[in-house]
Each structure stands twice: as C-alpha cells, then as structure tokens.
Amino acid sequence: MAERDPRNRTGRSPLLRGLAAAVLAAGMLLASAGPGHATGAAPAPGAPSTSAPGAQFTPLTAAVMTEPTPFVATDGRTHLSYELLTTSSLPRSAPLRLDRVDVRDARTHRVVGSLSGRALAQAANPVGDPLPGADAYTPAPPAPTPTVIQGSQQWIIWLDLVLHRGQPVPQVLEHHLSGAVLSPSGPAAFEETVQVTRTAGRPPLNLNPPVRPGTWYSSESCCGNTHHRRGLAPINGRFHVPQRFAIDWYKVGRRGQTWEGDPTRLTSYLSYGQPVVASLGGRVVEVRDGLPDQPPPLTPPTPPIEDTVGNHVTLEVAPGRYLLYAHLKPGSLRVREGDRVASGQVLGLIGNSGNSATPHLHFQVMTTAEPFPTDSPPFTFRRFRVLGQVEPRLWDDNLGLQPTGVLPITPSPYAGLHRARYPLDREVLEF
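Just so you know, these numbers come straight off a predicted model, no measurement behind them.

Draft legend 1. Highlighting the overall build of the chain. Looking only at helices and strands, the chain has two helices and 27 strands in total. Considering the chain as a whole, with its 431 residues, one finds that 52% of them fall into the buried category. Within the chain, contacts between residues at least 6 apart in sequence are counted, and of these 75% link residues at least 24 apart. Of the roughly 19400 Å² that the chain leaves accessible, carbon and sulfur atoms contribute 54%.

Spelled out as structure tokens, the structure:
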C-alpha cells in the first residue's frame, strides 16, 4: 500500500481534488463571464445537432422524466405534458436566476412553448417541497418571482405545452434555458440548450369508458396543479411521476350532487358500488382484494406503498400498456389473474379502499403492471359529451367536507360531443 502524502491533509486523492477544483473553477467562470451558450446534454441518436459550440461548463443540468407524448384534449388542441428535472452545478453560495425556458423544435429551433415570469414561477419548484395548495380548498399562494435556484439545488419544471391549432408536433425537442448567475460582483447572464429528446411516435390509447353510462366528474386530471399531475415520487432510488394522467371519477346525480345525506356514510356517495368495466379487451395481470374501505370523508393515514391504490385490477391491453382500476370495494372483484376480458365487462365495484377519502374510481394507463414504479402516458376516450365544468377549484379527495354534495357546475367553453379526446381537469361529462 502506497504511503499517503502528508501534504494531502484532506485524505482525498489527487484526482478527486482535481475534480473539485474544476467544479469550483466552473462556478467562478460562470460568475464572472458574460452571456454564453452551452449544450447540457448530447443529442438523441439520430437527432439533429444544435447550433451551440462545443463543450462548455453549464450552471444547470437537466433531464426529461418521460417521453413527451402528444395528445388532444377537450379544448381541441394538442398538448405535451412532461417534466424537466434541473440541477444547479454551482456551489451552495452561488444562486442563479432562471428567467426563461423555451421549448423548441430541435430541427428548426422554432419556439413551441415558453415559460417566464409568473408562469415559470408557478410551474417550477424545488424537489421535496410540498405541493402548493394540496391540503386546502383555496388556490395556492402566488409563487415568488423571479425564480431563484440556490447552488446545488434540484428543481422540477412542470411543462404543459399547448400547441396552436394546425401546428405540427416536433419530432425532436430541445430546451433553451436563460438567466443569470448571481455573483457578489453582479449578475452574469447565461444561456444553454439542454436535453434534446424525441417525442413519442406511439399514439395514446383510445379507450371506451371505464364506467357505465351516466354523468361523471373528471377530477384531478391533467394539466393543472393537481396531486396526479404534480405527484413527484421517489421510488427505488429514482424520481417518477407515476400518476401524471390519472383521473379520479365521481358519479354525479341530476342536481349535480356527488353525495346526499350523511357524508360519513359510504352509501351516501353516488359513486359507491358503481360498476367499473374494461375499457379495452385484454388480460388480467394483477388483482388485489381484501383491503377494507376507508371511513369518509377524512384523508386516511398514509398507507404502505403496496396498499396505496387499495383493492384494484390491472389489465394488459397492449404491449407495454396497462389499465389500472383502483380503490375498489372489498369483495366486489369479479376477475382473477390470467382471465381474458372483453371491452365493457364488469371488473368490480367502486369503493374507498387504499389512500382514498371518499368513494371514487382512480383510473390510468401505465407502462408496467405495477402501480409503483411506473410511467403514466396519456390516453383518450372514443366518445363523450362535456356538460360543464367545476369552479372554483376543489380538493376533491374530501368532497364530503363540502357544505353540500352539490358540485358548483358552470358552463364549459368545450361543451358538446367529443371523440378521441382526453378530459381536462374538473370537467363534468356524460359517457
């Protein structure tokens, strides 16, 4: 074993000390340099290269957390909803100001979506911060502007792009970040192009309803500040957004009510005991039964991860595509693992098992047979009619805490018949 150099008092190898010095030098360069350009990620295989110069130190690194998949929603426009996970490469004492995020077509460099100012502040938060407004019935307070990222801090940027009508979906996206490193001598501007990534070529599944015909409330759907859309979960050492496009379905009565009578009784909720049906034919790959219904309407204690979705059925309907039906009533499941089911076949009944405060159906498409970890791609329904929308924002897990069970339904600009569309958050629709 070689004798340690007594001058190396930190005990670190010369290589590690050299790397540390390089990182520090990078921070000093960024703090003192003027506007610069850099690439923070190598282009995807086959993707066009950007116009930025060669290797550069960059104050932010970035990674896309899913393959952006275009889908058409009830507003008739094409959406791209995904996340950019950014990390500051600067020391803790060196904050930076992120002024603008431009999502561009990597081939033409044309901007297809931008975030800046208040919009950027509301779409970005440090990893680990609680979801603003998640436990209240009022909107979250305005986020501070400008967006300042502390050194060594990791932030997530929630990208929800809406393309102009007729605008083609880029095959490859790039992300252009601009701002300034906030050094004691004054701000030093930076620009960098990061994370060149392909959009999905596989279209969303087009499904039949997961419930019987009637009026239903599409709750916690994409693309706002909901616990599905912004549910960042650390699982098995990695971050995931496992319920990005999940929808909670509540049955709605003729007067717009979701419950009537005593809200502490499960049977007061119109959703309770309603059948759930296969949206496509497929094979049953997972069944969980035997968990009790939670007493409404209070949020239950956080269960173990394996009990989160409660009693449930998972169908494999295409290679790498699974349908999850969650929070089902104990003892109501009518299928077993390995069964083949047809579209429209009853799988079980809506309950309140798992992490659920009031009876509803949690429904989503997954990329794995297990709810955690998984990715959550978008989907559409073949045919439905929008009747209205709910304003103001409700935290719908606790509908039973509202003064009455009647939803505050208002007219929707997207009222009418829709085909092959994804229902947006808080829409009341008819299957």
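Still more ground to cover, so stick around.
Draft legend 2. Quick look at the pattern of salt bridges. According to the stated counting rule, one finds twelve salt bridges in the structure shown. E316 is the salt-bridge partner of R283, the closest N and O atoms lying 2.7 Å from each other. You can see R283 sitting in strand β17 (residues 282-288) and its partner E316 sitting in strand β18 (residues 311-318), a full 33 residues away along the chain. With a shortest N-O distance of 3.3 Å, R426 and E391 are connected by a salt bridge. Of this pair, R426 sits in the loop between β26 (416-418) and β27 (427-430) while E391 is found in the loop between β24 (384-390) and β25 (409-410), placing the two residues 35 residues apart along the sequence.

Draft legend 3. Representation of the confidence of the model for the chain within the structure. Summary statistics for the chain give a mean pLDDT of 87 and a share of 83% for residues scoring 70 or more. In the model, residues 1-52 has pLDDT below 50 throughout and makes 70 contacts with residues more than four positions away in sequence or in other chains.

Draft legend 4. Spatial organisation of the side chain of T215. Mapped onto the secondary structure, T215 falls in strand β12 (residues 215-219). Apart from the residues within four sequence positions on either side, T215 is in contact with Y250, K251, V252, L387, V428, L429 and E430.

Draft legend 5. Quick look at the side chain of R321. Considering the arrangement of structural elements, one finds R321 in strand β19 (residues 321-328). Buried and without a salt bridge, R321 has E67 as its closest oppositely charged side chain, separated by 5.9 Å. With residues up to four places along the chain from it excluded, the contact list for R321 reads R202, L205, L315, E316, V365, M366, T367 and P377.

Draft legend 6. Layout of the state of the cysteines. Tallied over the entire structure, the rule returns one disulfide. Paired by a disulfide, C222 and C223 hold their sulfur atoms 2.1 Å apart. Residues C222 and C223 are joined by a disulfide whose S-S torsion is about 100 degrees; by sign, that bridge is right-handed. Side by side, C222 and C223 carry an identical accessibility label, which is buried.

Draft legend 7. Focus on unusual backbone geometry. That bond from P296 to P297 is cis: its omega, 0 degrees, falls within 30 degrees of zero. Omega for the bond connecting F372 with P373 falls within 30 degrees of zero, at -10 degrees, which places this linkage in the cis form. The residue P373 is located in the loop between β22 (361-366) and β23 (379-381) in this model. The phi dihedral of H109 is positive, around 65 degrees, even though this residue is not glycine. Mapped onto the elements, H109 comes out in the loop between β4 (96-105) and β5 (111-116). Residues other than glycine seldom take positive phi values, yet Q195 does so here, at roughly 50 degrees. Residue Q195 is classed as buried on the basis of its relative accessible area, which comes to 16%.

Draft legend 8. Structural context of the pairing of strand β3 (residues 78-88). Within β3, nine of the eleven residues are buried, leaving the element largely enclosed by the surrounding structure. As judged from the five bridges shared by strand β1 (residues 60-64) and β3, these two strands associate in the antiparallel manner. Its bridge partner lying in β3, A62 is registered against T86. Of the strand pairs in this sheet, strand β2 (residues 71-72) and β3 are connected by two bridges, and their pairing is antiparallel.

Draft legend 9. Examining the packing of aromatic side chains more closely. Considering all chains together, one arrives at 14 aromatic pairs under this definition. Arranged with centres 6.4 Å apart and planes meeting at 50 degrees, the rings of W259 and Y269 form a pair that is tilted. Separated by ten residues along the polypeptide, W259 in the loop between β15 (247-251) and β16 (275-277) and Y269 in the loop between β15 and β16 bring together distant segments of the chain. Y269 matches W259 in its accessibility class, with the two residues each being buried. Seen from their ring centres, F384 and F431 are 6.4 Å apart, and the 75 degrees between their planes marks the pair as edge-to-face. Of this pair, F384 sits in strand β24 while F431 sits in the segment after β27, and the two are 47 residues apart along the sequence. Judged on exposure class, the residue F384 and its partner F431 are both buried.

Analysis parameters
- For every chain, the first residue of the written sequence is number 1, and numbering continues from 1 along that sequence.
- With pLDDT at 70 or above as the cut-off, local features in this predicted model cover only qualifying residues; side-chain atom pairs require 80 or more to be listed or tallied, and sums for whole chains, interfaces and linings still use all residues.
- Processing note: side-chain calculations cover all non-hydrogen atoms of the structure and skip hydrogens and water entirely.
- Here a strand is any run of E in DSSP of at least two residues, a helix any run of H or I of at least four, and the numbering for each starts at the N terminus.
- The buried label applies to any residue whose accessible area, calculated with a 1.4 Å probe on protein chains only, is under 20% of its type's maximum; exposed applies above 50%, and partly exposed to all values in between.
- What makes two residues a contact is simply this: any of their non-hydrogen atoms within 4.5 Å.
- Note on areas: Shrake-Rupley, 1.4 Å probe, and residue coverage restricted to the protein chains presented here.
- In the sections that follow, a salt bridge refers to a side-chain nitrogen of Lys or Arg positioned within 4 Å of a carboxyl oxygen of Asp or Glu.
- One number per residue, pLDDT, summarises how confident the predictor is, and it ranges from 0 to 100.
- By the counting scheme adopted, Arg and Lys are positive, Glu and Asp are negative, and His together with the chain ends is not counted.
- Any cysteine sulfur atom paired with another within 2.5 Å is treated as part of a disulfide.
- Here a strand pair is declared whenever DSSP counts at least two bridges between the two strands.
- Put simply, two rings from Phe, Tyr or Trp (the six-membered ring, in Trp's case) pair if the centres are within 6.5 Å, and we call them stacked under 30 degrees between planes, edge-to-face over 60, tilted for the rest.

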